[in-house]
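One-letter residues, chain by chain:
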Amino acid sequence: MTDEKTQVQDVNRAFYDFRYEDRDSYRIDGLTKEIVQQISEEKNDPEWMREFRLKSLEIFNQTAMPDWGPSIEGLDMDHIATYVRPNAQRMNTRWEDVPDDIRNTFDRLGIPKAERASLAGVGAQYDSEVVYHNIREDVAKLGVVYTDIESALHGEYGDMIHEHFMKLVPPTDHKFAALHGAVWSGGSFVYVPRGVSVEIPLQSYFRLNAAGAGQFEHTLIIVEEGAYLHFIEGCSAPKYNVANLHAGCVELFVAKNATLRYSTIENWSKNMYNLNTKRARVEEGGKVEWISGSFGSHVSYLYPMSVLNGKGARSEFTGVTFAGKGQNLDTGCKVVHNAPDTSSYVNTRSISKDGGISTFRSAVVVNPKAENSKSAVSCQSLMVDDVSRSDTIPAMDVRTSQADIGHEARIGRISDEAVFYLMSRGVSEEEARALIVSGFAENVSKELPLEYAVEMNNLIRIEMKGAIG
Amino acid sequence: MANSLLSVSGLRAAAEEKEILRGVDLEIGEGETHVLMGPNGAGKSTLAGALMGDPRYTILGGEVSFKGENLLEKSVSQRAGAGLFLSFQNPVEVPGISLENFIRTAIEQGKGEKLRPWVFHKEVKETLAALSMDESYGERDLNVGFSGGEKKKAEILQMLLLKPSLAILDETDSGLDVDAVRTVSRGVEEFRKNEKASLLIITHNAAILSALKVDRVHVLVSGRIVKEGGPELIEEISRDGFSRFEVNEG
Ligand SMILES: Nc1ncnc2c1ncn2[C@@H]1O[C@H](COP(=O)(O)OP(=O)(O)OP(=O)(O)O)[C@@H](O)[C@H]1O
Ligand SMILES: [Mg+2]
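1. A short note on the sheet that holds strand β7 (residues 202–207) of chain A
To summarise the sheet geometry, strands pair through backbone hydrogen bonds and adopt either a parallel or an antiparallel arrangement. Residues and elements named next belong to chain A. With mixed pairing, ten strands are arranged side by side in an open sheet as β4-β3-β7-β10-β13-β15-β18-β20-β22-β24. Each edge of the sheet is formed by a strand with only one pairing partner; in this case those strands are β4 (129–135) and β24 (403–413). Neighbour-to-neighbour, the strand axes of this sheet turn through a mean angle of 10 degrees, independent of strand direction. For strand β3 (residues 121–126) and β4, the ladder comprises six bridges, and the chain directions are antiparallel. Residue pairing for β4: Gly121 is matched across the bridge by Ile135.

2. What to know about the interface of chain B and chain A
Taken together, the 30 residues of chain B in the interface contact 18 residues of chain A. Between chain B and chain A lies a buried interface of about 2,000 Å² when both sides are counted; carbon and sulfur atoms form 69% of it. In this assembly, chain B and chain A are joined by one salt bridge. Taken together, chain B and chain A are joined by nine residue pairs in polar contact (both at pLDDT 80 or more). Counting residues per element, the ones that place at least two in the side of chain B that touches chain A are α1 (44–52), α2 (76–82), β6 (84–87), α3 (99–111) and α5 (148–162) of chain B. Here the side of chain B that touches chain A takes five residues from α3 of chain B, the largest share from any one element.

3. Topic: the coordination of the magnesium ion (ligand 2)
Residues and elements named next belong to chain B. The magnesium ion (ligand 2) binds to the protein through Ser45 (OG) and Gln89 (OE1), with metal-donor distances spanning 2.0 to 2.3 Å. Of this pair, Ser45 sits in helix α1 while Gln89 sits in the loop between β6 and α3, and the two are 44 residues apart along the sequence. Owing to a relative accessible area of 26%, Ser45 belongs among the partly exposed residues under this scheme. With relative accessibility at 27%, the residue Gln89 sits in the partly exposed group.

4. Regarding the packing of aromatic side chains
Residue and element names in this part refer to chain A. Enumeration over the complete set of coordinates arrives at 19 aromatic pairs over all chains. Plain terms: the ring middles of Trp68 and Tyr301 are 5.2 Å apart, the flat faces sit at 80 degrees to each other, and that makes the pair edge-to-face. Separated by 233 residues along the polypeptide, Trp68 in the loop between α3 (47–62) and β2 (81–85) and Tyr301 in strand β16 (residues 299–302) bring together distant segments of the chain. For Tyr301, a relative accessible area of 6% puts it in the buried group.

5. As for the site of ligand 1
All names here are of chain B. Around ligand 1, the surrounding shell holds 16 residues, and the nearest of these are Gly41, Lys44, Ser45, Thr46 and His204. A distance of 3.1 Å separates an oxygen atom of ligand 1 from a polar atom in the side chain of Glu171. In this structure, an oxygen atom belonging to ligand 1 sits 2.9 Å away from a side-chain N or O atom of His204. If ligand 1 stood free it would expose 630 Å²; the protein chains cover 71% of that surface. Among the elements of the structure, β2 (18–29) and α1 are those that each provide at least two residues to the shell around ligand 1. Residue contributions to the shell around ligand 1 peak at three residues, all from α1.

6. Focus: the nonpolar core
Counting residues in hydrophobic clusters, the biggest one holds 126 residues, and the most contacted among them are Phe106, Leu422, Val437 and Met456 of chain A together with Leu11 of chain B. Sort the elements by how many residues they give to this core and helix α13 (residues 450–464) of chain A lands first, with seven residues. Residue assignment places this core across two domains, with domain 1 (17–426) and domain 2 (427–469) of chain A each supplying three or more. Once you skip the residues sitting within four places of it in the chain, Val437 of chain A turns out to touch Phe322, Ile351, Leu382, Val384, Ile414, Ile460 and Met464 of chain A.

Reading the values: rules and limits
- Residues numbered from 1 in each chain as written.
- Chains lettered and ligands numbered in written order.
- Predicted model: local features only at pLDDT ≥ 70, side-chain atom pairs only at ≥ 80, totals over all residues.
- Heavy atoms only, no water.
- Pairing = 2+ DSSP bridges.
- Helix = DSSP H or I, 4+ residues; strand = E, 2+ residues; numbered from the N terminus.
- Axes fitted to C-alpha atoms, helices over the stretch in contact; angles between N-to-C directions.
- Contact = heavy atoms within 4.5 Å.
- Buried area = accessible area lost by both parts, 1.4 Å probe.
- Salt bridge = Lys/Arg side-chain N within 4 Å of Asp/Glu carboxyl O.
- Polar contact = N/O pair within 3.5 Å; in protein donor to acceptor, adjacent residues only side chain to side chain.
- Donors = N, O, S within 2.8 Å, 3.2 Å for Na, K, Ca; no water.
- Buried < 20%, exposed > 50% of the residue type's maximum accessible area, 1.4 Å probe, protein only.
- Phe/Tyr/Trp six-rings, centres within 6.5 Å; stacked < 30°, edge-to-face > 60°.
- Near = heavy atom within 4 Å.
- Areas by Shrake-Rupley, 256 points an atom, 1.4 Å probe, with all protein chains shown as cover.
- Core = buried A, V, L, I, M, F, W, Y, C linked by side-chain atoms within 4.5 Å.
- Domains from an automatic or database assignment.

And the structure:
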């Protein structure tokens, strides 16, 4: 038997939990002005970025912790490593050049294999640094840029990044956006020129390996007029007994008549505080499609937001959240309709099990100019047992009379009748329940490329295993 | 008599604390076709469910052996694995899993081995065609949005693909139009082509039985078998109803 991931249904959580001992990695703990300056130096930031970091730190210090969601008391910023440089050369474009233990980590997660099979480009981040980035030559020839954001900052796209960086998610947005602005490290920059359609997805994989560390990657994607891109983001981490923090930031700029599909399969370990911020701005006739599978983390605050700024802009959000034992996952999405004829569609499923808490929050804002806009929100929850909790908290703020807004919520349990029916055909009780749960989450899996759908179903199986009793 | 396949003796079962089966005896041999009739509420579905292991029913007493083994101590999936099948009176809708994938998963789990997808797909296609069902039903979510008749056909489809030793059909013919009854009958005949396959058909309607060679008829009233006989009993019941079998409560 090999350790490598295969398409065969592998139900071993150890698959994500393995880790190689850290050797010689360089690490900065805590959060002070000196530390932020030190990170900035490490990064060789341009002057504006150094100032931006320091300003963000000030905002961080002045901003209160969120007081409305799951508890984040277990998170002690003084003991979180704000920067961890893996024992690797900064960035490699050849897989062979990535150091062995890091390469083995990604090999076991199936990353380079996926690249060969079905991706147009791959980025891999290990702790605070991007260790690998590559894009297929034919795609690069079309003018598509896919690189780590730090080298891009110093290259020909430097001005473009300056113009867009944390403009959608300003550091004043909330405390962890400010933290991100201060200590961000790694992440991807993607640029798709006008009219270019990238037929196969680009993928970026984040691995947080160091105990008690934070990961603060920044993803900036610009899709120009009439262009198309599917970007896939994967995350995982081995389990530790100390708190880890993920406070990444994703900013997506979707130009006129462009389409961007952003898919995430997040499988952080159960000691992770996932306080991530994602936002898209969509211009006239453009469209953003969020596909989101949230499985891991101890606590999540995650609400991707679409700002529909141009006439006829559209947003679709399809998500599934699975909260198991010890997990409190607060997820959802937000849409702001700022222009006429815009539309948004939200379809989410949340699953809770073994005392897990899954809360779905949505906020739809329809501003006065957004006449003839439409919004449909549908969320369903499934509680696998009696000790788990699921809530939905929808909010609507509609400021025009000419809008068509709908909301539907359903909460259910696994029916004994359905389990009996499936078992009567010969599947075990565990399999019957897993089938019902993965069927419930099919809204997301059917939107994912096959191998990711398989991975997601594996994650559901891992979570469902031992559900009986 | 053929080799015994199912042997039920003195079976008593309750739902919600209410005793419904009050001592049922039933013998089915290998390769035989049996019919179970009885008035509404007599306990026919309860008997079918109790045999399959429906958790809503509590077994109060009696014994059931299937292929010489104690059926009652097996889990539902083990009963299926042993070759028992139940065509449900009201099949459940399960969103997010396709009919074909589900049957494949069930067969693979039962056998503990992988099927070759394209070989299996072909078999599904042929079976769908034999049941006058459009190919697309294989891809549709299990029973979701199926009409009453389509659900019944999908049950027969599963029976034909799973190839059990004993299939219990709980009113698979009710609610079907004339053509569909014929289609389902054809499916049942197809199933009977395997000489060892046995059937227990629960029905209120003689039509589905006309093309089948029935070996034995059992009449269930108020949770007990009150009469057994040959196929001639079907006609008798069609003519006279169940009133002459009614027993005094108590
Ligand atoms: N889960 C249950 N809870 C409570 N009562 C039940 C339950 N299942 C069956 N019963 C009762 O048991 C009796 C027998 O029901 P059953 O469904 O077995 O009848 P049946 O012979 O199949 O009738 P029909 O011909 O109408 O299908 C009925 O009085 C019914 O109401
Ligand atoms: Mg019945």
